[in-house]
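# Coordinate inspection notes
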Amino acid sequence: MVQILPMASTIRPSLSSFGTTRFGGGISMCNSTSRFDSLHFASSVGPQSQGFGLKACKIFRHERNSKSAKTIVSMTQGSTATTQENALEWVKSDKRRMLHVVYRVGDLDRTIKFYTECLGMKLLRKRDIPEERYTNAFLGYGPEDSHFVIELTYNYGVDKYDIGTAFGHFGIAVDDVAKTVDLIKAKGGTVTREPGPVKGGKSVIAFIEDPDGYKFELIERGPTPEPLCQVMLRVGDLDRSIAFHEKAFGMELLRRRDNPEYKYTIAMMGYGPEDKNAVLELTYNYGVTEYDKGNAYAQIAIGTDDVYKTAEAVKIFGGKITREPGPLPGINTKITACLDPDGWKTVFVDNVDFIKELE
């Protein structure tokens, strides 16, 4: 059903730190020959609700020294611009890869059975955390150190979640969509769109739902090293989202397609070609700026050479850090977590620590 080609690991040692200049608090300047006693200013670079501009510098100065204050403001803005350039350069050269997508299910064994029997995935590993009252299962089409996989989460005693309207679907590349659909029907699966050409295109697709109601798009495609190939999320401002993922996440805009007949636009973002890598499909529906995210879908995890520099870059380019970078208790894997401008969560995981965790 799904042909899998080997994929080489993309992990490499971390890079040297990029230089940053930050002004965290007041700077006092005193000179006995000066006409003023002190000058204090503060500048901060942080999330923006709209766009990725700099916050205005707050200048506290004596009226008779406006020229000196303007000089300092100019220096501050220049330093900030340099910081952004350095951060962008590092983000682009950081070795990043989409590791796994995390979401919650109500019956772990039922979902594992559906994914392995109907979608041809393999159960890669399970881990139970009784003290935290949850269990994880990792499934996919190849080893975690080289493939994008699914991380299912079952929370003890919770059998149902709200998927909401913001999450779209997962994409799976298969050799023959029609045969895959027939198998899913035979196993009792739900088919919500029969095989056929995509609207406005030629690719043959079909849509199915898993037992928890998550949608999967089956895409007819030749042999690929990454059958689990897409995660589709809806966004309220496509240009804003593209700019953020390019700058803060280091992704490339692979293609963009507008469908005015059906009133939506999509943008494919990722770290390599669609036929060889998992990609993020961002969808903008005309006139819709907000969605209900529910509580079912959780996040995507991305590998990075340095979670500390990644967190700084996310802040610089307008993201919100929800977990400061550092090691996880118990396993010492370093991570950081953030929200994009639409509130989608992403976790960055240290590349070296991730490989050690798999061992």
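Residues numbered from 1 in each chain as written. Predicted model: local features only at pLDDT ≥ 70, side-chain atom pairs only at ≥ 80, totals over all residues. Heavy atoms only, no water.

When you go through the protein residue by residue, the secondary structure sums to six helices and 18 strands. Taken across its 359 residues, the protein has 46% of its residues classed as buried. In the protein, of all internal contacts separated by at least 6 residues, the share reaching a separation of at least 24 is 64%. For the protein, the accessible surface area stands at approximately 17300 Å², while carbon and sulfur atoms represent 49% of it. (Helix = DSSP H or I, 4+ residues; strand = E, 2+ residues; numbered from the N terminus. Buried < 20%, exposed > 50% of the residue type's maximum accessible area, 1.4 Å probe, protein only. Contact = heavy atoms within 4.5 Å. Areas by Shrake-Rupley, 256 points an atom, 1.4 Å probe, with all protein chains shown as cover.)

Another point: empty space enclosed by the protein. In total, this model carries one cavity of 30 Å³ or more according to the counting rule given. Put simply, the largest cavity is a space of about 90 Å³. Put simply, the parts of the chain that give the lining of the largest cavity at least two residues each are β14 (279-285), β15 (297-304) and β18 (345-350). Of the residues forming the lining of the largest cavity, the biggest block, three residues, is contributed by β15. Of the residues belonging to the lining of the largest cavity, the class tally is nine nonpolar, two polar and two charged. (1 Å grid on protein atoms, 1.4 Å probe; cavity = no way out; pocket = protein on both sides within 12 Å on 5 of 7 lines; lining within 4 Å. Points joined across faces, edges and corners; volume = space filled by probe spheres on them. Nonpolar A, V, L, I, M, F, W, Y, C, P; charged D, E, K, R; others polar.)

Bringing unusual backbone geometry into the picture now. Despite not being glycine, arginine 133 shows a phi value in the positive range, around 60°. Phi is positive for asparagine 332, close to 65°, though the residue is something other than glycine. Take asparagine 332: it is sitting in the loop between β16 (320-327) and β17 (334-339). The class of asparagine 332 is exposed, set by a relative accessible area of 54%.

The subject of this paragraph is the nonpolar core. Formed by 63 residues in total, the largest nonpolar core has its most connected members in Tyr103, Tyr115, Leu119, Leu152, Phe216 and Val231. The next biggest cluster of nonpolar side chains, apart from the first, holds seven residues, and it includes Leu99, Ile335, Val349 and Phe354. (Core = buried A, V, L, I, M, F, W, Y, C linked by side-chain atoms within 4.5 Å.)

Turning next to the pairing of strand β12 (residues 252-259). Relative to strand β13 (residues 264-270), β12 runs antiparallel, the two sharing seven bridges. What sits directly across from arginine 256, in β13, is alanine 267. Counting the residues that bridge the hairpin from β12 to β13 gives four residues, and of these lysine 263 lies at a positive phi of roughly 60°. (Pairing = 2+ DSSP bridges.)

Averaged over the protein, the pLDDT score is 84; the fraction of residues at 70 or greater is 77%. Across residues 4-64 the pLDDT falls below 50, and counting only partners more than four positions away or on other chains, this stretch makes 114 contacts in the model. (pLDDT = per-residue confidence, 0-100.)

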